[in-house]
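As a plain string of letters, each chain reads:
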Amino acid sequence: MQWLYCDFHIHTTWSDGEYSPGEVVTLYGEAGFDVIAITDHVLDTESIKRSGRPVSDLLVMDSTEFGSYQEELWDAARTAWERYNMLLIPGVELTNNTSRYHILALDIKSYISPDLSVEEIIACIRRQQGISVACHPYIRNHSGDDPSFYLWENHERLATMFDAWEVANRDDLFNVVGLKKFNYIGNSDFHEGRHLLSWKTLLQCEKNVESVKAAIRKNDRVSLFLYRGGKIK
């Protein structure tokens, strides 16, 4: 089995990213990555309501656009494989800013509401045979923000419910996740070009979606690397 270069947390113009899905495929494909996941934001209803603005002004995906979003990602996935031999896994970042938890849902097939509780979200992801990841679960060193405060406040209860926790996010390392020996991955939380230079994941497994998901869940052949540019291979 080969070591795969992976990034499972990428945003595009479907939410608050600067690159379209096609442009993301070109950027990561030219760099030599093996697996990426596009995970644009969907926002909880209360946060939308409190903003007093339409969803289109908030740089998040409207829930009614989920089908179109998935169709574009499937098209991008075909291009990624045919042009670069790179897997693209469709996903979303379920963003609940009211209760303060962000959760990646990878390889889901139908819409999941970020209004649900953490336990309900994880159950929905599991029913769709997807992967659940606790995003940036601790204080972010570069900003001091803790958008997933709820997850860490309740980490003892939630620890094994998630398939993995982000131990690294862009330039941040969350040592507390490592100390707890949780299943882990590292991601860029990509929004713009400079974010490519960030923490990523190495997985040793076959290059297909089911093997990648199994490797994240098993978490015994996983490592981090800090990508600093150039073609990987």
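Everything numeric here is computed off the predicted structure, so don't read it as measured data.

This part takes up the overall build of the protein chain. Scanning the protein chain from terminus to terminus reveals eight helices and ten strands. For a compact globule of 233 residues, the expected C-alpha radius of gyration is about 17 Å, and the protein chain comes in at 16 Å, within 12% of that figure. Its C-alpha atoms put the protein chain at 45 × 40 × 35 Å along the principal axes. Sequence separation of at least 24 residues holds for 66% of the intrachain contacts in the protein chain that already meet a minimum separation of 6. Accessible surface, the protein chain as shown: approximately 10200 Å² in total, 49% of it carbon and sulfur. Charge separation in the protein chain, taken as the distance between the mean sites of 24 positive and 34 negative side-chain charges, equals 6 Å.

Before going further, it helps to examine the nonpolar core. Among the nonpolar cores identified, the biggest contains 51 residues, and Tyr28, Phe33, Phe162 and Trp165 are the most heavily contacted of them. Per-element tally for this core: the top contributor is helix α3 (residues 66-84), with seven residues. Once residues within four sequence positions are removed from consideration, Phe162 is found in contact with Ile103, Val118, Ile122, Ser132, Val133, Ala134 and Leu151.

Secondary-structure assignment places Asn187 in strand β8 (residues 184-187). Dropping the residues within four chain positions of it, Asn187 is found in contact with Asp7, Phe8, His9, Leu104, Glu166, Ala168, Asn169, Arg170, Trp199 and Thr201.

Here we take up the pattern of salt bridges. This model, assessed by the stated rule, comprises 16 salt bridges. The partner of Asp34 in a salt bridge is Lys233, with the nearest N and O atoms 2.4 Å apart. In this pair, Asp34 sits in the loop between α1 (21-31) and β2 (35-43) while Lys233 sits in the segment after β10 (222-226), placing the two residues 199 residues apart along the sequence. Overall, the relative accessible area of 0% leaves Asp34 in the buried class. Between Glu210 and Lys213 there is a salt bridge whose closest N-O contact spans 3.1 Å. With Glu210 and Lys213 both in helix α8 (residues 209-218), this residue pair falls three residues apart, about one helical turn.

Take unusual backbone geometry next. A positive phi angle, close to 55°, is found at Leu59, a residue other than glycine. Within the fold, Leu59 resides in the loop between α2 (45-51) and α3. Relative accessible area serves as the criterion here: at 52%, Leu59 is assigned to the exposed category. Unusually for a residue other than glycine, Gln129 sits at a positive phi of about 60°. The residue Gln129 is located in the loop between α4 (118-127) and β5 (131-134) in this model. Note on Gln129: relative accessible area 52%, which makes it exposed.

The next subject is α3. End to end, α3 covers 26 Å across 19 residues, agreeing with the expected 27 Å (1.5 Å per residue, within 8%). Every buried residue of α3 is accounted for by Phe66, Tyr69, Gln70, Leu73, Ala76, Ala77, Ala80 and Tyr84. Relative to the axis of α3, the buried residues are bounded by an arc of 125° and lie together on one face. In α3, the exposed residues that point more than 90 degrees away from the buried face are Glu82 and Arg83. Next to the buried residues of α3 lie α1, β2 and β3 (87-96). Just beyond α3, the residue with positive phi is Asn85, at close to 55°.

On to the pairing of strand β4 (residues 101-106). In summary, the side chains of a regular strand alternate between the two faces of the sheet. Counted residue by residue, β4 has six buried out of six residues, so it is predominantly covered. The two faces of β4 match: Tyr101, Ile103 and Ala105 on one face and His102, Leu104 and Leu106 on the other face are all buried. By the bridge criterion, six bridges tie β3 to β4 in an arrangement that is antiparallel. Across the sheet, the residue bridging to Asn96 is Tyr101, located in β4. Between β3 and β4, which pair antiparallel in sequence order, lie four residues; one of them, Arg100, sits at a positive phi of approximately 70°. Pairing analysis gives four bridges linking β4 to β5, with the strands arranged antiparallel. Its bridge partner lying in β5, Ala105 is registered against Ser132.

Cut-offs applied
Residues numbered from 1 in each chain as written. Predicted model: local features only at pLDDT ≥ 70, side-chain atom pairs only at ≥ 80, totals over all residues. Heavy atoms only, no water. Helix = DSSP H or I, 4+ residues; strand = E, 2+ residues; numbered from the N terminus. Rg over C-alpha atoms; globule rule 2.2 N^0.38 Å. Contact = heavy atoms within 4.5 Å. Areas by Shrake-Rupley, 256 points an atom, 1.4 Å probe, with all protein chains shown as cover. Lys, Arg positive; Asp, Glu negative; His and termini not counted. Charge placed at Lys NZ, Arg CZ, Asp CG, Glu CD. Core = buried A, V, L, I, M, F, W, Y, C linked by side-chain atoms within 4.5 Å. Buried < 20%, exposed > 50% of the residue type's maximum accessible area, 1.4 Å probe, protein only. Salt bridge = Lys/Arg side-chain N within 4 Å of Asp/Glu carboxyl O. Expected span 1.5 Å × (residues − 1). Arc of directions from axis to C-beta. Pairing = 2+ DSSP bridges.

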